[in-house]
Amino acid sequence: MADTLMAEVKPEPAPPPVSLRPKFKISEIPLNKEQRTTIDNLLYRFKKKGGYDNLRKKVWADYNASDAKSTLTRSIQEVAEIEIDKDPNLLSRERGKAATLIQGAVDRSGVYHDVEAEMDRLIAGHLDNVLGAVREIRRADVGDEKADEEAEKGKKTDEQYTAETEARGAEL
């Protein structure tokens with residue numbers, strides 16, 4: 001009978017992935033040397049124009065204005081209190097050692113998973129601005145016609161890329 005009851009219990013679904021888009025490494029994307037160099041140069045110029053710093057400041061300001069910051073602080077305090085309740089000797093230990101032990105408990109508790117998801121969501125809210133800035137840098141480099149052509153290629157959906165890849169595979 002115990003076996004029957006256990007079989008009826010369904011496991012909880014896995015939490016949704018943190019990232020909103022697939023994270024590919026540049027090495028995983030089929031690029032030739034010229035394309036790779038162009039991308040690296042665009043990212044370098046975006047960085048030199050202060051794009052990353054502006055993005056970081058906007059995301060940080062959004063995070064500080066949200067409830068996520070207070071939730072994180074409250075969660076860390078709760079984990080610290082639980083650890084102190086489990087081991088009251090933490091209060092009498094050297095401050096650095098106690099902090100390290102509590103930090104380990106916070107890491108194991110998964111508190112940061114929610115923060116990472118929130119940061120990904122906030123960054124995703126600014127991706128259109130980043131894309132626009134990078135496209136403007138590229139437009140200045142290659143001209144309007146070539147930039148518009150590249151923008152059209154960049155608007156393909158995953159399904160269109162899959163269909164194109166399958167068609168190329170069928171031709172071979």
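Scroll up to find the structure.
Keep in mind the model is a prediction, meaning the values are calculated, not measured. (Residues numbered from 1 in each chain as written. Predicted model: local features only at pLDDT ≥ 70, side-chain atom pairs only at ≥ 80, totals over all residues. Heavy atoms only, no water.)

(A) Just the overall build of the protein, in detail. For the protein, the helix and strand inventory stands at 9 helices and 0 strands. In sequence order, the protein lays out its α and β elements as α-α-α-α-α-α-α-α-α. Within the protein, buried positions represent 19% of all 172 residues. Long-range contacts, defined here as pairs at least 24 residues apart, represent 62% of the contacts in the protein between residues at least 6 apart. For the protein, the exposed area adds up to about 13900 Å²; of that, 55% sits on carbon and sulfur atoms. (Helix = DSSP H or I, 4+ residues; strand = E, 2+ residues; numbered from the N terminus. Buried < 20%, exposed > 50% of the residue type's maximum accessible area, 1.4 Å probe, protein only. Contact = heavy atoms within 4.5 Å. Areas by Shrake-Rupley, 256 points an atom, 1.4 Å probe, with all protein chains shown as cover.)

(B) Quick peek at the pattern of salt bridges. According to the stated counting rule, one finds 10 salt bridges in the structure shown. Salt-bridge contacts for Arg 138 lead to Glu 150; the nearest nitrogen and oxygen are separated by 2.8 Å. Of this pair, Arg 138 sits in helix H7 (residues 127–142) while Glu 150 sits in helix H8 (residues 144–154), placing them 12 residues apart in sequence. Taking relative accessible area as the criterion, Arg 138 reaches 17% and is therefore assigned buried. A relative accessible area of 24% places Glu 150 in the partly exposed class. The salt bridge involving Arg 139 is made with Asp 148; its shortest N-O contact spans 3.0 Å. Taken together, the shared-partner salt bridges connect Glu 136, Arg 139, Asp 144 and Asp 148 into one network. (Salt bridge = Lys/Arg side-chain N within 4 Å of Asp/Glu carboxyl O.)

(C) View of the packing of helix H4 (residues 68–86) against helix H6 (residues 111–124). As a packed pair, H4 and H6 sit with axes 10 Å apart at the nearest point and diverge in direction by 170 degrees. Looking at the two axes, H4 sits roughly antiparallel to H6. Residues Ala 68, Leu 72, Ser 75, Ile 76 and Val 79 of H4 form the contact with H6, whose own contacting residues are Val 111, Tyr 112, Val 115 and Glu 118. For the contact of H4 with H6, the per-class residue count stands at 7 nonpolar, 1 polar and 1 charged. (Axes fitted to C-alpha atoms, helices over the stretch in contact; angles between N-to-C directions. Parallel < 35°, antiparallel > 145°, perpendicular 65-115°, else oblique. Nonpolar A, V, L, I, M, F, W, Y, C, P; charged D, E, K, R; others polar.)

(D) Representation of the nonpolar core in the model. Tyr 63 and Met 119 are the most contacted members of the largest nonpolar core, which totals 21 residues. Mapped by element, the contributors of at least two residues to this core are helix H2 (33–48), helix H3 (51–65), H4, helix H5 (95–109), H6 and H7. (Core = buried A, V, L, I, M, F, W, Y, C linked by side-chain atoms within 4.5 Å.)

(E) Geometry of the packing of H3 against H6. Their axes nearest at 10 Å, the elements H3 and H6 cross at an angle of 125 degrees. Relative to H6, H3 is oriented oblique. Note that H3 runs across H6; the crossing there is right-handed. Of H6, the residues touching H3 (which contributes Val 59, Trp 60, Asp 62 and Tyr 63) are Val 115, Glu 118, Met 119, Leu 122 and Ile 123. By residue class, the composition of the contact of H3 with H6 is 7 nonpolar, no polar and 2 charged. (Left-handed = near helix turned anticlockwise from the far one by under 90°.)

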